[in-house]
Number of protein chains: 2
Amino acid sequence: MVMDINHRKLSHEIIEFYDKLSSWELAVVKGTGHSLSHIHAVEILGVNGAMRMKELAEKMGITTGTLTVQIDKMVRSGLVMRQVPQTDRRAVLVTLTEAGEVIYQQHDELHHQLTKQLTMKMSDDERRCLLGLFERMNHEF
Amino acid sequence: MVMDINHRKLSHEIIEFYDKLSSWELAVVKGTGHSLSHIHAVEILGVNGAMRMKELAEKMGITTGTLTVQIDKMVRSGLVMRQVPQTDRRAVLVTLTEAGEVIYQQHDELHHQLTKQLTMKMSDDERRCLLGLFERMNHEF
DNA sequence: TCCGAATATTTTGATTATCAAACTAAATCC
DNA sequence: GGATTTAGTTTGATAATCAAAATATTCGGA
């Protein structure tokens with residue numbers, strides 16, 4: 001089928017986009033003094049707000065055992081705090097500190113700048129269209 | 001500035017898309033019996049063809065020292081071969097084996113299916129538009 | 001042609017990340 | 001109220017990673 005060629009091309013452009021975004025992120029994170037996974041955790045917490053170990057581990061694709069040691073380090077480096085919710089004293093709520101929030105805001109700003117760069121030559125209509133298409137794709141996952 | 005809101009929203013949709021793609025990839029790779037980074041190497045070699053250690057390491061964001069041990073394992077698991085080019089006997093060309101090529105094709109097919117799923121409800125025009133916008137973004141990186 | 005500098009990869013030694021499984025503590029369910 | 005489930009931590013072993021040293025080859029003059 002000829003129509004499949006569109007899907008294939010699109011699929012490859014998506015993979016290329018993903019890889020370039022990975023490299024960009026890696027380059028940006030070097031120089032912060034934090035590890036990639038710590039910044040990733042900060043990003044997730046910045047977007048979604050405080051969450052439990054289990055939920056954060058799932059979002060990061062690691063086990064809670066691994067996350068425990070990561071959070072230990074992130075507490076030591078001042079990015080996050082542990083809080084025990086009154087409703088369930090088994091649980092641990094991982095929360096950004098003020099310093100962690102600052103790091104998140106700075107990192108988010110870099111993403112914002114990148115987005116500007118990538119869509120610099122697009123018209124407002126095209127940018128709006130792209131936003132709509134991303135929203136729809138995110139919805140179909 | 002009001003216009004920035006578009007950039008910010010778009011930036012957040014891109015991050016969400018990236019995260020969902022990461023999770024998808026992780027889920028897909030579990031069950032193959034290969035590690036995420038091995039499959040990633042296979043993907044890069046499948047798209048770009050055989051390449052040197054240095055180039056592959058750069059694309060993967062790791063040092064050549066780390067890559068050496070990865071390639072050792074991938075050779076043992078039958079995914080790749082090492083070849084020494086006649087033109088420069090210092091270098092090592094990492095090449096997919098037939099089995100590695102099969103793994104690549106299978107993995108690429110899964111990406112293809114995902115792309116279909118994500119754009120299922122789009123018109124051909126919208127899909128074409130999306131392709132064009134991805135091409136332009138990839139160009140601006 | 002020969003030698004020092006540069007390049008490509010591997011090896012080494014140490015650190016860090018990771019997992020599965022055992023463990024602890026708290027909540028929930030008959 | 002005791003058994004079961006759930007949330008997180010700890011442990012022991014393995015795998016991934018890096019920087020720096022080592023090895024092998026090529027290249028660029030004199």
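Numbers given to residues run from 1 along each chain, matching the order in which its sequence is written. Lettering for chains starts from A, numbering for ligands starts from 1, and both go in the order in which the items are written. This being a predicted model, a pLDDT of at least 70 is required before a residue's local features are given, and a value of 80 or more before pairs of side-chain atoms are given or counted; all residues contribute to the totals for chains, interfaces and linings. Hydrogens are left out, water is left out, and the side-chain values use all remaining heavy atoms of the structure.

### Regarding the UniProt feature "domain: HTH marR-type" (unreviewed entry) in chain A
UniProt positions are given in the numbering used here, feature names are shortened, and annotations may be inferred rather than shown by experiment. As annotated in UniProt, the feature "domain: HTH marR-type" (unreviewed entry) corresponds to residues 7–139 of chain A in the numbering used here. Going along the chain from the N terminus, every DSSP run of H or I of four or more residues is numbered as a helix, and every run of E of two or more is numbered as a strand. In this annotation, residues 7–139 of chain A is assigned 71% helix and 8% strand; the end-to-end C-alpha distance for the span is 18 Å.

### What about the interface of chain B and chain A?
How big an interface is tends to be expressed through the accessible area that disappears when the partners come together. When checking whether two residues touch, look at their non-hydrogen atoms; a contact exists if any pair is within 4.5 Å. Facing the 53 residues of chain B at the interface are 53 residues of chain A. Across the chain B/chain A interface, buried area totals approximately 5,700 Å², and carbon plus sulfur atoms make up 64% of it. For salt bridges, the criterion is a side-chain nitrogen of Lys or Arg within 4 Å of an Asp or Glu carboxyl oxygen. Scanning the region where chain B abuts chain A turns up six salt bridges. Residues A:Lys121 and B:Glu140 are paired through a salt bridge, measuring 3.1 Å at the closest nitrogen-oxygen approach. What qualifies as a polar contact is a pair of N or O atoms within 3.5 Å, subject to a donor-acceptor requirement within protein and to the restriction that residues adjacent in sequence count only when both atoms come from side chains. Taken together, the links from chain B to chain A amount to 23 residue pairs in polar contact (both at pLDDT 80 or more). Listing elements by their share of the side of chain B that touches chain A, those giving two or more residues are helix H1 (3–29), helix H2 (36–48), helix H5 (98–118) and helix H6 (124–140) of chain B. Note on terms: buried area is the combined drop in 1.4 Å-probe accessible area of two parts once they are placed together, counting the loss on both.

### Quick look at the pattern of salt bridges
One pass over the structure, following the stated rule, counts 18 salt bridges over all chains. Across the pair A:Arg128 and A:Asp125 runs a salt bridge whose closest N-O atoms are separated by 3.1 Å. Of the two residues, A:Arg128 and A:Asp125 both sit in helix H6 (residues 124–140), three residues apart, roughly one turn of that helix. On the basis of relative accessible area, A:Arg128 is assigned to the partly exposed category, the value being 44%. Across the pair B:Arg90 and B:Asp88 runs a salt bridge, and its minimum N-O distance is 2.9 Å. To sort residues, take the accessible area from a 1.4 Å probe on protein chains only and compare it with the maximum for the residue type: under 20% means buried, over 50% means exposed, and anything in between is partly exposed.

### Considering helix H3 (residues 53–60) of chain A
Residues and elements named next belong to chain A. Listed as buried for H3 are Met 53, Leu 56, Ala 57 and Met 60. The buried residues of H3 occupy an angular sector of 100 degrees when projected down its axis, which confines them to one face. Facing away from the buried side of H3 by over 90 degrees, the exposed positions are Lys 54 and Glu 58. Looking one or two residues beyond H3, the residue adopting positive phi is Gly 61, at roughly 75 degrees. Arc, as used here, means the arc of the directions from the helix axis to the C-beta atoms.

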